[in-house]
Amino acid sequence: MDSNKRTISNNYSALNDSSSSSLDNNSPAMTLGGEKIDREKCRYPHSIVWTPIPLLTWLFPFIGHMGICTTMGIIRDFAGPYFVSEDNMAFGNPTKYWQLELSRVPGMNSKDLWDRSVHDASEEYKGRMHNLCCDNCHSHVAYALNAMRYDGSDSWNMVKLCFLMLYHGKYVSVSSFLKTWLPFLILLIIVTVVVAVVKSV
């Protein structure tokens, strides 16, 4: 744990500067660095992305698989034991994304620090066993955000990200919304009907 903290601190110190970048983000189709979101090519620059996990998301729609994108929109996700995928997200293409602001990454070289942190987090998690409850895809994203001290914080964790993604996440399309919620609604209707039938007997 101490070595991980030293690694995060070193990465942050090497790229940090006393001043921060002030970039425009007026257009929802543009990132702070000027890269466009391209849904067809699954490019979501400096964003957190999310997709449903079959069965698990059907029962708990707020739980899914998470990844983090570079400033060029390349998806990195902790897909399994000792494996971090690149542009081949486990469980399919993202259905939701949350684009973060590079202006909240400290230092003059915010794009470099973002990409370095995503890279370092991915290299770290290539050496870790995947644990669904304790050290998972959300933890990988949290590690990257802590490494860059996004929004001045180094206390990002999987629980915080789970609920923030639920609040801030934007659906890629109508079909993505249905892919996320329809199985849960169908199961809910089935359970409701069964309970009503049982009670009426």
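Residues numbered from 1 in each chain as written. Predicted model: local features only at pLDDT ≥ 70, side-chain atom pairs only at ≥ 80, totals over all residues. Heavy atoms only, no water.

## Describing the overall build of the chain
Next, step 1: When you go through the chain residue by residue, the secondary structure sums to 6 helices and 6 strands.
Next, step 2: Ordering the α and β elements of the chain from the N terminus gives α-β-α-β-β-β-β-α-α-α-β-α.
Next, step 3: Burial status across the chain gives 43% buried among its 201 residues.
Next, step 4: Summarising the internal contacts of the chain: among those between residues at least 6 apart in sequence, 65% fall at separations of at least 24.
Next, step 5: Entry remark: accessible area of the chain is about 10,700 Å², with carbon and sulfur atoms responsible for 60%. (Helix = DSSP H or I, 4+ residues; strand = E, 2+ residues; numbered from the N terminus. Buried < 20%, exposed > 50% of the residue type's maximum accessible area, 1.4 Å probe, protein only. Contact = heavy atoms within 4.5 Å. Areas by Shrake-Rupley, 256 points an atom, 1.4 Å probe, with all protein chains shown as cover.)

## What about unusual backbone geometry?
Next, step 1: In this model, D87 sits at a positive phi of 55°, which is unusual for a non-glycine residue.
Next, step 2: Exposure remark for D87: the relative accessible area of 35% places this residue in the partly exposed category.
Next, step 3: The phi angle at D151 is positive, at roughly 60°, despite the residue not being glycine.
Next, step 4: As for its placement among the helices and strands, D151 is situated in the loop between α4 (137–148) and α5 (158–168).

## Let's talk about the pairing of strand β5 (residues 96–99)
Next, step 1: Side-chain alternation along β5 places K96 and W98 on one buried face and Y97 and Q99 on a second face that is also buried.
Next, step 2: Two elements, strand β1 (residues 47–52) and β5, share 4 bridges in a ladder whose sense is antiparallel. Residue pairing in the sheet places S47 in a bridge with Q99 of β5.
Next, step 3: Across 2 bridges, β5 lies against strand β6 (residues 170–171) in antiparallel orientation. Among the inter-strand pairings, K96 is bridged to a residue of β6, identified as Y171. (Pairing = 2+ DSSP bridges.)

## Thoughts on the side chain of S117
Next, step 1: With respect to the helices, strands and loops of the structure, S117 is situated in helix α3 (residues 110–125).
Next, step 2: Here M148 takes part through its backbone nitrogen, which lies 3.4 Å from a polar atom of the side chain of S117.
Next, step 3: Apart from the residues lying within four places of it in its own chain, the contact partners of S117 are A144, A147 and M148. (Polar contact = N/O pair within 3.5 Å; in protein donor to acceptor, adjacent residues only side chain to side chain.)

## Here's the deal with the sheet that holds strand β2 (residues 64–69)
Next, step 1: The 6 strands lie next to each other as β4-β3-β2-β1-β5-β6, forming an open sheet whose pairing is antiparallel. Of all strands in the sheet, those with a lone pairing partner are β4 (83–86) and β6, marking the two edges.
Next, step 2: This element, α3, spans β1, β2, β3 (75–80) and β4 of the sheet and lies at about 135° to β2. (Axes fitted to C-alpha atoms, helices over the stretch in contact; angles between N-to-C directions.)

## Some remarks on the confidence of the model for the chain
Next, step 1: For the chain, mean pLDDT is 86; residues scoring 70 or higher make up 83% of the total.
Next, step 2: Low confidence marks residues 1–33, where pLDDT is under 50. Its contacts with residues over four positions away, or in another chain, come to 52 contacts. (pLDDT = per-residue confidence, 0-100.)

## Looking at the packing of aromatic side chains
Next, step 1: One pass over the full model with this rule turns up 9 aromatic pairs.
Next, step 2: Plain terms: the ring middles of F78 and Y125 are 4.9 Å apart, the flat faces sit at 70° to each other, and that makes the pair edge-to-face. Separated by 47 residues along the polypeptide, F78 in strand β3 and Y125 in helix α3 bring together distant segments of the chain. The burial state of F78 is the same as that of Y125; both residues are buried.
Next, step 3: Residues Y150 and W156 carry aromatic rings whose centres are separated by 6.0 Å and whose planes lie at 55° to one another, so their mutual orientation is tilted.
Next, step 4: By relative accessible area, Y150 is classed as buried at 3%. (Phe/Tyr/Trp six-rings, centres within 6.5 Å; stacked < 30°, edge-to-face > 60°.)

## A few points about the packing of α4 against α5
Next, step 1: Contact geometry of α4 with α5 gives a least axis separation of 8 Å together with a crossing angle of 95°. Accordingly, the angle class assigned to the pair α4 and α5 is roughly perpendicular. Taking contact as the criterion, the partners of H138, S139, V141, A142 and L145 in α4 are, on α5, M158, L161 and C162.
Next, step 2: Among the residues forming the contact of α4 with α5, the class breakdown is 6 nonpolar, 2 polar and no charged. (Parallel < 35°, antiparallel > 145°, perpendicular 65-115°, else oblique. Nonpolar A, V, L, I, M, F, W, Y, C, P; charged D, E, K, R; others polar.)

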